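# Structural description and commentary
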Amino acid sequence: MIHARLRRARAALAALAACLLPLAAPAAPATAAGSAVTGPAVHAEADGPPPLSDGFGLTQVGAATGSATNFVVTVTTPQVAGPHTIRILLPADYAAHPDRRYPVLYFLHGASDNPSDPALAYPALTAAQSMITVIPDGGLRGWYTDWLDQNTAAGAQNWETFHLNQVLPFVDANLRTRTDRAHRAVGGLSMGGFGALHYAQDRPDLFGQVLTMSGANDLSTAEMVIRGAVVATLTNVGTVLCGPSDGRPCGLDFGPTVSSDAIFGSPYPVFNADWRWNAADPASRLGLLADTGIAVYTGNGNNNPADMEFWAEGTAKRVKDRLDALGLAYRYVDYGNGAGWGTDCHGGHTPGCWAQDLADYVPRLEAAFAAAP
């Protein structure tokens, strides 16, 4: 009987994942002209990226590329297989004020994306005048977590260790940052929205502000659609929908196929086999953010279940309800179908909406940083 129930749960979740993948995955990112190249490290030109020193387990590969205020470095680490890009955005006056230190926003991208994509440098982030933004690689489906199974075809996948124990101190050692939690924020979109809440909850000592935009905010059985989307990125069920290649990677191919159990163990809600998923569920851990500034943004996908934003709104509402029950302060924006929310937002799971989310949020974040002692 137990095996029959487990088979039915697996079949149901696999079917759900297959339906969700086309909705959850963004288009494949364009190749960035400023992505890092391999070769020996060289010092940056006076008008180019500032030189950075290796450390904290990170080794730079080649030279940083880009401008003095918007550049990409590539690093390797034993914690996560493969090379990884990090995009760094500096305020325009960074070089002109060598005695000034700046707060930092760590901005986490969504699935099937990479910091080498210049589109991740959203206008509101590049326009920020009083803070640094760091966009670290989170993998095509790293899910901002140290995976339970480190022996899959994907190799080492310790994303949380990479970001919090390596990238963060690497940035603090190389750039003029404010290093207290009151002057450090973490935010993200879609998969990165989950990552932002997850990191802020795991390490409230590091982050004083957290932002989730269209986030996968709930991994519980109450949101099996979101859990199914996570499983779909692991099992690559969407690759059957990839058409002929146009020279770019298919946005539904997330790398080597791995087990649905790879990150949090079994996702199937049979006799508590999925307890690790429930333990990692951000909506169930919001009490850990009692002393953290919280912002939640979502659309409604035009009330269309075929749009991933429809499901993201459900997780955002659950977060809001839980925050209300806890009596915690927060900023919550549901822009519905996107009417009046920027010039290119139609309520969907799209960059046009996220650009306006950031246009609304970044000035508020900079004001919060400025007000912090």
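Just so it is clear, the model here is predicted, and its values are computed rather than measured. (Residues numbered from 1 in each chain as written. Predicted model: local features only at pLDDT ≥ 70, side-chain atom pairs only at ≥ 80, totals over all residues. Heavy atoms only, no water.)

Before going further, it helps to examine the packing of helix H5 (residues 224–235) against helix H7 (residues 308–326). For the pair H5 and H7, the least separation of the axes is 9 Å and the interaxial angle reads 125°. In terms of axis orientation, H5 runs oblique to H7. Between H5 and H7 lies a crossing whose hand is left-handed. Across the interface between the two elements, Val225, Ile226 and Ala229 from H5 touch Met308, Trp311 and Thr315 from H7. By residue class, the composition of the contact of H5 with H7 is five nonpolar, one polar and no charged. (Axes fitted to C-alpha atoms, helices over the stretch in contact; angles between N-to-C directions. Helix = DSSP H or I, 4+ residues; strand = E, 2+ residues; numbered from the N terminus. Parallel < 35°, antiparallel > 145°, perpendicular 65-115°, else oblique. Left-handed = near helix turned anticlockwise from the far one by under 90°. Contact = heavy atoms within 4.5 Å. Nonpolar A, V, L, I, M, F, W, Y, C, P; charged D, E, K, R; others polar.)

So, on to the pairing of strand E7 (residues 184–189). The element E7 is extensively covered by neighbouring structure, given that six of its six residues are classed as buried. Across the two faces of E7 the burial is the same, with Arg184, Val186 and Gly188 and Ala185, Gly187 and Leu189 all buried. Pairing analysis gives five bridges linking strand E5 (residues 104–108) to E7, with the strands arranged parallel. Note on E7: the bridge partner recorded for Leu105 is Ala185. Pairing analysis gives five bridges linking E7 to strand E8 (residues 209–213), with the strands arranged parallel. Looking across to E8, one finds that Gly188 is bridged to Thr212. For the crossover that starts at E7, traverses helix H4 (residues 191–202) and ends in the parallel E8, the hand is right-handed. (Buried < 20%, exposed > 50% of the residue type's maximum accessible area, 1.4 Å probe, protein only. Pairing = 2+ DSSP bridges. Right-handed = clockwise from strand over helix to strand, strands pointing away.)

Next up on the list: unusual backbone geometry. Of note, Tyr144 is a non-glycine position whose phi angle comes to about 45°, a positive value. Topologically, Tyr144 is positioned in the loop between strand E6 (132–136) and helix H3 (159–174). Residues other than glycine seldom take positive phi values, yet Ser190 does so here, at roughly 55°. Residue placement: Ser190 occurs in the loop between E7 and H4.

Turning our eyes to something else, we now look at the confidence of the model for the chain. As a general rule, the predicted coordinates of low-pLDDT regions are not to be interpreted in detail. Per-residue pLDDT for the chain has a mean of 88; in total, 84% of the residues score no lower than 70. Across residues 1–45, where pLDDT falls below 50, the model places 81 contacts with residues more than four positions away in sequence or in other chains. (pLDDT = per-residue confidence, 0-100.)

Turning to the state of the cysteines, a few remarks are in order. Per the counting criterion, the structure on display carries one disulfide. The disulfide partner of Cys345 is Cys353, and the S-S distance across this bridge is 2.1 Å. Between Cys345 and Cys353, the S-S torsion sits near 90°, and that sign places the bridge as right-handed. Here Cys345 matches Cys353 in class, with each residue buried. (Disulfide = S-S within 2.5 Å.)

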